[in-house]
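Observations on the model geometry
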Amino acid sequence: APSCPGPPPGFAAHGIHVSRSAARTYTLLAVNHTGREAVEWFEVREAGEGFTVVWRGCVLVHEPHWINDVAMLPDGGGLVASHMMPRELASKAFEREAYDGIESGYVIEWQPDGGWRKVPGTDGALPNGIQVSRDGSVIYSNHYLSHQVVAIERSSGRRVWTAAVEGAPDNLSITSNGDLLAVTQLESLASVGDCLTRPAQVCALGFTVHRLDASTGAAHKILNGGDGKFGGATVAVEVGEAIYLGAAAGTWIGRTTAR
């Protein structure tokens, strides 16, 4: 955005989103709470057998918004993000009771010519992971503290479907055939917070992975996990015949067979 003051004074990624343009270039968006509240914009480049990223710009996030995750829209460079709760309450986020159902946030949309706006119909209990349909018409939003994934028509705010899941849904991804993968956590937010502050390699907290039909919201559980080998998963991404799992604590990645 033109109002971006320059490269971030500090950086630690929260929610991230990778998208590919019609020119087959890749963009990485990352939520940044370090040094400033912003969505940082990176270009992804191939570098030998790997990849590197180059910072290209940012979109500042102003009070009262405190966002968790972000997704690129396909229609002109806009994006959507999940506003969890008012920023002044951020320090108390891990004190909230599991499944409290309090609608503290909603989805916000940014467009280059209009800045941020609330998307109607998206209020929820701690909105977390977010994705959009291929054509940008539907937003998929995880409501962490009401244990549900919802689909909302972006233009009208109409609720397309609501899917109840076991546990608190953290992040969402979209598979090659258009299904959604949602990782849910089976422990309290306080337990998750403990994992983030302890320098442990493994956060042995229980989790599940659900596969959802993006058209109907029909959901079925495909994995239960959480032990001393790998736990506390926050995201699941399908690549070929495998599903890779990430966690907020430690540096290990989990892997299981896609199903």
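Here, every reference points to the structure presented above.
Let me sum up the structure you'll find in this document. The structure presented is a predicted model; accordingly, all values stated were derived computationally and were not measured. (Residues numbered from 1 in each chain as written. Predicted model: local features only at pLDDT ≥ 70, side-chain atom pairs only at ≥ 80, totals over all residues. Heavy atoms only, no water.)

**Observations concerning the packing of aromatic side chains**
What counts here: Only centres within 6.5 Å qualify two rings of Phe, Tyr or Trp (six-membered ring in Trp) as a pair; their planes then separate them into stacked at under 30 degrees, edge-to-face at over 60, and tilted for everything else. Two thresholds decide whether a charge sits over a ring: the Lys NZ or Arg CZ must be within 6 Å of the ring centre and within 35 degrees of the ring normal.
Taken as a whole and judged by the stated rule, the model has three aromatic pairs. The ring centre of Tyr106 lies 4.7 Å from the NZ or CZ of Lys118, which sits over that ring.

**Section: the pairing of strand 11 (residues 148-153)**
Convention followed: To sort residues, take the accessible area from a 1.4 Å probe on protein chains only and compare it with the maximum for the residue type: under 20% means buried, over 50% means exposed, and anything in between is partly exposed. Every helix listed is a DSSP run of H or I at least four residues long, and every strand listed is a run of E at least two residues long, numbered separately from the N terminus. One requirement defines pairing of two strands: DSSP has to find at least two bridges between them.
The element strand 11 is largely enclosed, with a buried count of five among its six residues. The sheet contact formed by strand 10 (residues 138-143) and strand 11 spans six bridges and is antiparallel. Within the sheet, the bridge partner assigned to Ser141 lies in strand 11 and is Val150. Counted between consecutive antiparallel strands, the loop separating strand 10 from strand 11 contains four residues, among which His147 sits at a positive phi close to 55°. By the bridge criterion, five bridges tie strand 11 to strand 12 (residues 159-164) in an arrangement that is antiparallel. What sits directly across from Gln148, in strand 12, is Ala164. Here strand 11 folds back onto strand 12 in antiparallel fashion, the turn holding five residues, of which Gly157 has a positive phi close to 85°.

**As for the pattern of salt bridges**
When the charged atoms of two side chains lie near each other, side chains of opposite charge can form a pair. The following threshold applies: One speaks of a salt bridge when a side-chain nitrogen belonging to Lys or Arg is within 4 Å of a carboxyl oxygen belonging to Asp or Glu.
Counted under the stated rule, the structure contains 11 salt bridges. A salt bridge links Arg45 to Glu43; the nearest nitrogen and oxygen atoms lie 3.4 Å apart. For Glu109, the salt bridge goes to Arg117, with nearest N and O atoms at 3.0 Å. Taking the relative accessible area as the measure of exposure, Arg117 reaches 37% and is therefore partly exposed. Each member of the salt-bridge network shares a partner with another, and the members are Glu43, Arg45 and Arg56.

**A look at the state of the cysteines**
Applicable threshold: Only a pair of cysteine sulfur atoms within 2.5 Å qualifies as a disulfide here.
Per the stated rule, a full pass over the model turns up two disulfides. Bridging Cys4 to Cys58, the disulfide has an S-S length of 2.1 Å. Judged by the torsion about the S-S bond (115°), the Cys4/Cys58 disulfide is right-handed. On the criterion of sequence distance, the pair formed by Cys4 in the segment before strand 1 (13-20) and Cys58 in strand 4 (residues 50-60) is long-range, its members being 54 residues apart. Both residues of the pair, Cys4 and Cys58, belong to the buried class. Linked covalently through their sulfurs, Cys195 and Cys203 form a disulfide whose S-S length is 1.8 Å. Residues Cys195 and Cys203 share a disulfide whose torsion about the S-S bond is about 80°; that sign makes it right-handed. Classification of Cys195 by relative accessible area gives buried; the value is 5%. Exposure remark for Cys203: the relative accessible area of 5% places this residue in the buried category.

**Some points on the sheet that holds strand 12**
How we decide: Note on method: axes are straight lines fitted to C-alpha atoms, helices fitted across the in-contact stretch only, with angles between N-to-C directions ranging 0 to 180 degrees.
The strand order across the open sheet formed by four strands is 9-10-11-12, and the pairing between neighbours is antiparallel. Looking at which strands have only one partner, the edges of the open sheet turn out to be strand 9 (127-132) and strand 12. On average, each strand axis in the sheet is inclined to that of its neighbour by 20°, with strand direction left out of account.

**Looking at the side chain of Ser104**
Filter applied, for reference: As used in this structure description, the phrase polar contact means that two N or O atoms lie within 3.5 Å; if the pair is within protein, one of them must be able to donate a hydrogen and the other to accept it, and residues adjacent in sequence are counted only when both atoms belong to side chains. Throughout, a residue-residue contact means that at least one pair of heavy atoms, one from each residue, lies within 4.5 Å.
Relative to the helices and strands, Ser104 resides in the loop between strand 6 (79-83) and strand 7 (106-111). Residue classification places Ser104 among the buried positions, given a relative accessible area of 17%. Only 3.5 Å separates the side chain of Ser104 from the backbone nitrogen of Leu126, close enough to count as a polar contact. The contact partners of Ser104, leaving out residues within four places of it in the chain, are His83, Met84, Met85, Pro86, Arg96, Gly124, Ala125 and Leu126.

**Points about the sheet that holds strand 6**
The pairing of strands in a sheet happens through backbone hydrogen bonds and is either parallel or antiparallel. As summarised here, the arrangement of the four strands in space is 5-6-7-8, forming an open sheet in which the pairing is antiparallel. Of all the strands in the sheet, just strand 5 (67-72) and strand 8 (115-118) have a single pairing partner and so form its edges. Ignoring strand direction, the axes of neighbouring strands in this sheet form an average angle of 25°. With four bridges connecting them, strand 7 and strand 8 associate as antiparallel partners. Residue Trp110 lies in a different strand from strand 8, and its bridge partner there is Trp116.

**Re the environment of Asp170**
Mapped onto the secondary structure, Asp170 falls in strand 13 (residues 168-174). Once the C-alpha coordinates of Asp170 and Ile130 are considered, the two residues, 40 residues apart in sequence, prove to be 9.2 Å apart. Not counting residues up to four positions away in its chain, the partners in contact with Asp170 are Asn128, Gly129, Asn142, Tyr144, Val183, Thr184, Gln185 and Thr234.

Such coordinate-based values are descriptive only and should not be taken to indicate function.
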